[in-house]
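Residue-level listing of the chains:
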Amino acid sequence: MIRNILGSVVALAGAASAVLSPFRDWYAGRAGQDYRLEDLFGGITAAESGVLVSILLPFLAAALLVIVGVVLRSRLVVALAGLVVLGFTILWMVRQGQAAGSLVVAGDGSGLQVGVVNALAGGLLMLIGALLMSGRGRRGRRSRREREPEEPYAAPAADQVDTWPPTQEPGMSVQTSPWPEPEVDPYTGPDPRDPRTRSYPQAPHPEDDPRDPVHPPHRPPPPPPPPQG
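These notes cover the structure that comes with them. Here the structure is a predicted model, which means the values were calculated and not measured.

Moving on, we get to helix H5 (residues 114-132). Turn by turn, an α-helix covers 3.6 residues, leaving residues three or four places apart pointing in a common direction. Compared with the 27 Å implied by 1.5 Å per residue over 19 residues, the 26 Å span of H5 between its first and last C-alpha is a close match. Turning to H5, its buried residues number three or more, namely Gly115, Val116, Asn118, Ala119, Gly122, Gly123, Met126, Gly129 and Ala130. Its buried side turned inward, H5 meets helix H1 (2-20), strand E1 (25-27), helix H3 (56-72) and helix H4 (75-100).

In structure tokens:
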């Protein structure tokens, strides 16, 4: 979040510097807004230019790109705006050098002036702002991962038993073992063949037990009360 804010501030400062640069002197006392946009492709001339058809036009487009990139937190869009400003500024320098024979920096204002510096600084600030921004890629992937439902464990095949650790398959899980499980002998009372326990009372055999082996014994219902005369 802090990186996005810092990068956005730097990029917006670069956009402001680039937009203001055509209103300042670029070369030999001539303002940037006096250079026609078509002169950057056909050669610098002495013809005057309107504001909206001057070199200001691509700088305004770059400033709009910066605003869109800041809103969307897109580093690519902000970096593209910086490249647009630097590209048109360098193209102007090439055309101006061809028209004047050379580019000079003079203290009397006969060479490159502060408007070019503002344009170059604006483009560099946009690139620096794009580098400072963290973007939204990681957060977008994390939120997308949080929104996606977790897939349940795959159910085991029909010929395979459910093993430990437990899966999402309904039913109780069992722990398989290569060794047979020991069988527990139910206790049926003292062994009559053992002389030590022969005298103990023996439990009746199931066939000799008069009680119902399925249903527990219960008391018979009480007799109805005698009728009153």
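Now that the structure has been shown, we can carry on.
Here we come to a nonpolar patch on the surface. Taken together, Leu12, Leu64, Ile67, Val68, Val71 and Leu72 make up a surface patch of nonpolar side chains, about 550 Å² in accessible area. Among the elements that make up the nonpolar patch, the one with the highest residue count is H3 (5 residues). Here leucine 12 is to be found in helix H1. Judged by its relative accessible area of 38%, leucine 12 falls in the partly exposed class.

Here we come to the environment of valine 70. Relative to the helices and strands, valine 70 is located in helix H3. Considering only alpha carbons, one finds valine 70 and glycine 129, 59 residues apart in sequence, at a separation of 9.7 Å. Excluding residues that lie within four positions of it along the chain, valine 70 makes contacts with Ser8, Leu12 and Val78.

Here we take up the packing of aromatic side chains. Applying the stated criterion across every chain yields a total of 5 aromatic pairs. Relative to tryptophan 92, the ring of tryptophan 26 lies with its centre 4.9 Å away and its plane at 85°, an arrangement referred to as edge-to-face. Here tryptophan 26, found in strand E1, pairs with tryptophan 92, found in helix H4; they are 66 residues apart in sequence, far enough to count as distant. Neither tryptophan 26 nor tryptophan 92 differs from the other in exposure class; each is buried. Geometrically, the ring pair formed by phenylalanine 41 and phenylalanine 88 is edge-to-face, given 6.5 Å between the ring centres and 85° between the ring planes.

By secondary structure assignment, the location of leucine 120 is in helix H5. Residue classification places leucine 120 among the partly exposed positions, given a relative accessible area of 27%. Once the C-alpha coordinates of leucine 120 and valine 85 are considered, the two residues, 35 residues apart in sequence, prove to be 7.4 Å apart. Sequence-distant contacts of leucine 120, that is, excluding residues within four places in its chain, are made with Leu86, Thr89 and Met93.

So, on to the nonpolar core. Core analysis: the biggest nonpolar cluster contains 27 residues, and Trp26, Val66, Trp92 and Met126 have the highest contact counts within it. Contributing elements (two or more residues each) for this core: H1, E1, H3, H4 and H5. If you tally residues by element for this core, the top one is H3, at 6 residues.

Reading the values: rules and limits
Residue positions are counted from 1 within each chain, in the order its sequence is given. At least 70 in pLDDT is required for a residue's local features to be given in this predicted model, at least 80 for side-chain atom pairs to be given and counted, and no such filter applies to totals for whole chains, interfaces and linings, which use all residues. Hydrogen atoms and water are omitted, and side-chain values are computed over all heavy atoms in the structure. Think of it this way: any DSSP run of H or I at least four residues long counts as a helix, any run of E at least two long counts as a strand, and we number them from the N terminus. To estimate the expected span of a helix, count its residues, drop one, and scale the result by 1.5 Å. Buried means the residue's accessible area, taken with a 1.4 Å probe over protein chains only, is under 20% of the maximum for its type, while exposed means over 50%, and partly exposed covers the values in between. Whether two residues are in contact is decided by their heavy atoms: any pair within 4.5 Å suffices. Each patch is built from salt-bridge-free residues with over 30% relative accessible area, joining like charges within 9 Å and nonpolar side chains (Val, Leu, Ile, Met, Phe, Trp, Tyr) within 5 Å. What sets the accessible areas is the Shrake-Rupley method with a 1.4 Å probe; for residues, cover comes only from the shown protein chains. What makes a salt bridge here is a side-chain nitrogen of Lys or Arg within 4 Å of a carboxyl oxygen of Asp or Glu, nothing more. Two aromatic rings from Phe, Tyr or Trp, using only the six-membered ring of Trp, form a pair when their centres are within 6.5 Å; if the ring planes differ by under 30 degrees the pair is stacked, by over 60 it is edge-to-face, and anything between is tilted. Take the buried residues of types Ala, Val, Leu, Ile, Met, Phe, Trp, Tyr and Cys, join any two whose side-chain atoms come within 4.5 Å, and each joined set is a nonpolar core.

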